[in-house]
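# Structural characterization, general
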Amino acid sequence: MDIILSVRNLNAWYGEKQVLFDVSIDIPRYHITAIIGPSGCGKTTFLRCLNRLHELGQGNKVKGEVYFYGRNFKGNIYDPNVDPTEIRKHMGMVFQKPNPFPMLSVYDNVAIGLKINGIKDKKKINEIVMNSLKKAYLLDEVQDSLNKSGASLSGGQQQRLCIARAIAYNPEILLMDEPTSALDPIATSKIEQLLVELKKEFTIIIVTHNMQQAARISDYTAFMYLGKLIEFAPTEELFETPKHELTEKYITGKFG
Amino acid sequence: MRLIDEGLQRLNSKIIRMANLSRETVELAVNAYLKNEKLTDKIFHNSETLRILQDEVSELAVELIARYQPVASDLRYIKSCMEIAYGFSRFGRYAYDIIQVLEVFGDSSSCDHTSIIKASEIVHKMIDLSIEAFINRDLEKSLLVEKMDDEVDNIYESYIANLVKEKYKDLKCAVSATLILRYLERIADHASYIAEAVLYIVKGERKPRK
């Protein structure tokens, strides 16, 4: 298996409170890995450790290794001499609530990351913006409103705009934190189709509360409970024949 | 109790109803054949009931899948119920085929029934054990069923081999016994599939089909 991220003994704290315990997992490249588990199990924290966002919170701490085998970076992203902002460029992130910049146009929402990162060639920017909107299955719908505010789009369109923004800088990994939980079923279905399409070019790690969503779109599923990784398996295996009793109880709703 | 549990219980009671009816029907058919009793109508009726129950199991299973998107042991159980229900409806169909032999060939009380009696005893036991294994999720019993399947196969195969070797004395006896043994052998296979389903429900493991 071609591994893009190899997580070893990852521990994380909010202040004194430890929320991740020795999580080790190998994330396969160009696949969708879903992370499921009850609220508070640490799945979002885990995601935020992968691009070194977690440590930004006051008093937060991370211990462990995350080996990233990227195109231009190979090694442990927690090495002291690694610049976290460099790491984040390789990993686009999409959040639960669509968060386009409301003051910016649809177009600029996608272009902003490129401009900030010093790309000045307008032709190149235009090409990337259009391509990203297209890849996010959004271009057809916003062709005539590229100059309107990003906030003028529907919820589903806004989320796809955020995906376009995330992929514009051509990251290798997309980290998604419940990207469809604020969307209706039709918008959800579009995003799900989009993700399955995007895995040809990106590795996707998605945190979801919706187990059926994990079952529909992911290739591998990880079940977390109380800050520990309980089971990690090909999705069809985890949902048909889970090995661990806790997984069985959680996914069949026999919990608690 | 989860919402799905009520549906799973309904599914379970349908399967148990099918189990009892199919066991009774096979026994009835074999005895009727051996004793030359005209029970075709009753067996046909039972066989039809089993077929209808099988449809009901399928419909309920699909409804549960659509409503609750079951996973893990729930999913394995529902899938297995569909397979098991098919097995039971086949029991009914083969029982009807057995009684048809009596209809076509008439009284066979002068024939040697040793092989049929021997095979049917094992088959009845296999049916009982497969049902018990299903109801109690008993893996030991399910293993027993699989072993007994070989015994039935042996009886059938050696009967055929003997027919070829020693020139048969009575064509009617030879053909009717061959058919009955063949149907019993098929029933035994389906009893083994039911037993195998228990392993799948409990452990998620599948045995390769022979």
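All values reported here derive from a predicted model rather than from experimental measurement. (Residues numbered from 1 in each chain as written. Chains lettered and ligands numbered in written order. Predicted model: local features only at pLDDT ≥ 70, side-chain atom pairs only at ≥ 80, totals over all residues.)

On to the sheet that holds strand 4 (residues 60-69) of chain A. Residues and elements named next belong to chain A. Read across the sheet, 4 strands follow the order 2-1-4-5 without closing on themselves; strand pairing throughout is antiparallel. On the outer flanks of this sheet lie strand 2 (17-28) and strand 5 (74-76), each paired with one strand and no other. Here the strands of the sheet are splayed against their neighbours by 10 degrees on average, with no regard to which way each runs. Sheet topology places strand 1 (residues 3-14) next to strand 4; 8 bridges connect them, and they run antiparallel. Bridging across to strand 4, serine 6 finds its partner in tyrosine 67. Packing of helix 1 (residues 43-50) onto the sheet brings it into contact with strand 1, strand 2 and strand 4, and relative to strand 2 it is tilted by some 65 degrees. (Pairing = 2+ DSSP bridges. Helix = DSSP H or I, 4+ residues; strand = E, 2+ residues; numbered from the N terminus. Axes fitted to C-alpha atoms, helices over the stretch in contact; angles between N-to-C directions. Contact = placed C-beta atoms within 7 Å.)

Let us now look at the domain arrangement of chain A. Residues and elements named next belong to chain A. Domain boundaries assigned for chain A yield domain 1 (3-90 + 171-251) and domain 2 (100-166). Between the C-alpha centres of domain 1 and domain 2 there is a distance of 26 Å. Across the contact, 10 residues belong to domain 1 and 9 residues belong to domain 2. Among the elements that line the side of domain 1 that touches domain 2, the one with the most residues is helix 7 (residues 185-198), at 5 residues. Along the lines of polarity and charge, the residues of the side of domain 1 that touches domain 2 split into 9 nonpolar, no polar and 1 charged. (Domains from an automatic or database assignment. Nonpolar A, V, L, I, M, F, W, Y, C, P; charged D, E, K, R; others polar.)

Residue and element names in this part refer to chain A. If you trace the 6 strands from one edge of the open sheet to the other, you get 6-7-8-3-9-10, paired in mixed fashion. The open sheet is flanked by strand 6 (91-94) and strand 10 (228-234), the only strands paired with a single partner. The sheet shows a mean angle of 15 degrees between the axes of neighbouring strands, direction not considered. Of the pairings in the sheet, the one linking strand 6 to strand 7 (residues 173-177) comprises 4 bridges and is parallel in character. Across the sheet, the residue bridging to methionine 91 is isoleucine 173, located in strand 7. In this fold helix 6 (residues 155-168) packs onto strand 6 and strand 7, with an angle of close to 170 degrees to the strand it touches most, strand 6.

This paragraph deals with the packing of helix 3 (residues 106-116) of chain A against helix 4 (residues 122-135) of chain A. Relative placement of two packed helices is described by the angle separating their axes and the distance separating the axes. All names here are of chain A. Look at helix 3 against helix 4: their axes get within 9 Å of each other, and the N-to-C directions meet at 120 degrees. Relative to helix 4, the element helix 3 is oriented oblique. Seen along the crossing, helix 3 lies across helix 4 with a hand that is right-handed. Residues Tyr107, Val110, Ala111 and Leu114 of helix 3 pack against Ile125, Ile128, Val129, Ser132 and Leu133 of helix 4. (Parallel < 35°, antiparallel > 145°, perpendicular 65-115°, else oblique. Left-handed = near helix turned anticlockwise from the far one by under 90°.)

Listed by partner, the interface residues are 9 residues for chain B and 9 residues for chain A. Among the residues making up the side of chain B that touches chain A, the classes are represented as 3 nonpolar, 3 polar and 3 charged.

Now for the environment of B:Val30. Residue and element names in this part refer to chain B. Locating valine 30 in the fold gives a position in helix 1 (residues 3-35). Exposure remark for valine 30: the 25 C-beta atoms within 10 Å place this residue in the buried category. Sequence separation between valine 30 and asparagine 46 is 16 residues, and the spatial gap between their C-alpha atoms is 14 Å. Among all residues touching valine 30, those that are not within four sequence positions of it are Ile98 and Ser120. (Buried ≥ 20, exposed ≤ 12 C-beta atoms within 10 Å, placed from the backbone.)

Moving on, we get to helix 1 of chain A. Residues and elements named next belong to chain A. Within helix 1, 8 of the 8 residues are buried, which leaves the element mostly enclosed by the surrounding structure. All buried positions along helix 1 are accounted for by Lys43, Thr44, Thr45, Phe46, Leu47, Arg48, Cys49 and Leu50. Following helix 1 by one or two positions, arginine 52 has its phi on the positive side, about 60 degrees.

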